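Remarks on the overall topology
Letter by letter, the chains look like this.
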Amino acid sequence: MRRKLWVLDLALLSGVILTATVLRQRWTEMSLREETLLKQVVSWNGPPPPPAIPSVSPVTAAAYLDTVQQMLFAKDRNPTVILDPPPPPPPPPVMPPLPVSYGMLDLGSGPTAILAEKPGAAHKGYKAGDQIGAFKIVAMNHKEILFDWDGQPVRKTFAELAAAKATVMVTQSSNDAAPTLQNAPAPSPAPTTTVIGGTKAGPGAD
């Protein structure tokens, strides 16, 4: 039993000695490293230079374009000019009424149309090339006549041109008729005398 205790004590003593040896070795290494660090000379070149000051660009009007466009109380804040839309084209001209025909005659020098500028106006003879109102006579024959109005050809027969005259005459005739009396009072009847018993009604001699 004592022998086992001696062996245990020796083992413990060996462990203590080994631990102390390791600790001393590490302490020596740390001391050497500390001494090496302390002997190093650190070079110092002074503080770093300050950063360079950025250069200021010159002021230009274009740099304030966004600021000006966002000013709500500036009348000219929008540089985009809005032009008014072009006016609508004028309506096409309306052709006036055609002349009225009173007939056609040919005395050997070519047909002559008896025309009036409008119904009820004075009529006279016209030949090809003459101007009557807004129409120019381009050509004619014994049945029809060709007008030029605003660069457009208008071809009509004498019968069609005479129809307008007939319509006007009928209208004037109907307007000249005697007006009909409406709601006129009826004539009052003649007074009558009633006879009773062979004598006239009324006051007596007395």
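Presented here is a report on the structure given in the accompanying data block.

What counts, and at which threshold
- Residues numbered from 1 in each chain as written.
- Predicted model: local features only at pLDDT ≥ 70, side-chain atom pairs only at ≥ 80, totals over all residues.
- Heavy atoms only, no water.
- Helix = DSSP H or I, 4+ residues; strand = E, 2+ residues; numbered from the N terminus.
- Contact = heavy atoms within 4.5 Å.
- Areas by Shrake-Rupley, 256 points an atom, 1.4 Å probe, with all protein chains shown as cover.
- Expected span 1.5 Å × (residues − 1).
- Buried < 20%, exposed > 50% of the residue type's maximum accessible area, 1.4 Å probe, protein only.
- Pairing = 2+ DSSP bridges.
- Axes fitted to C-alpha atoms, helices over the stretch in contact; angles between N-to-C directions.

**Looking at the overall build of the protein**
If you tally the helices and strands in the protein, you get three helices and nine strands. N-terminal to C-terminal, the α/β element order of the protein is α-α-β-β-β-β-β-β-β-α-β-β. Once local pairs closer than 6 in sequence are excluded, the contacts in the protein between residues at least 24 apart make up 29%. When the accessible surface of the protein is totalled, it reaches about 18400 Å², and 63% of it is carbon and sulfur.

**Some remarks on helix 1 (residues 2–39)**
Helix length check: helix 1, at 38 residues, gives a terminal C-alpha distance of 55 Å against a target of 56 Å (1.5 Å per residue), a fit within 8%. Little of helix 1 is tucked away: zero of the 38 residues are buried.

**A short note on the sheet that holds strand 3 (residues 123–126)**
With respect to topology, three strands assemble into an open sheet ordered 1-2-3, the strand pairing being antiparallel. Looking at which strands have only one partner, the edges of the open sheet turn out to be strand 1 (100–106) and strand 3. In this sheet, adjacent strand axes meet at a mean angle of 25° when their direction is disregarded. For strand 1 and strand 2 (residues 111–116), the ladder comprises five bridges, and the chain directions are antiparallel. Residue pairing for strand 2: Asp 106 is matched across the bridge by Pro 111.

**Topic: the pairing of strand 5 (residues 135–140)**
Bridge analysis of strand 4 (residues 131–132) against strand 5 gives two bridges, and the strand direction is antiparallel. Residue Ile 132 lies in a different strand from strand 5, and its bridge partner there is Phe 135. In this antiparallel pair of consecutive strands, strand 5 and strand 6 (residues 144–149), the connection spans three residues.

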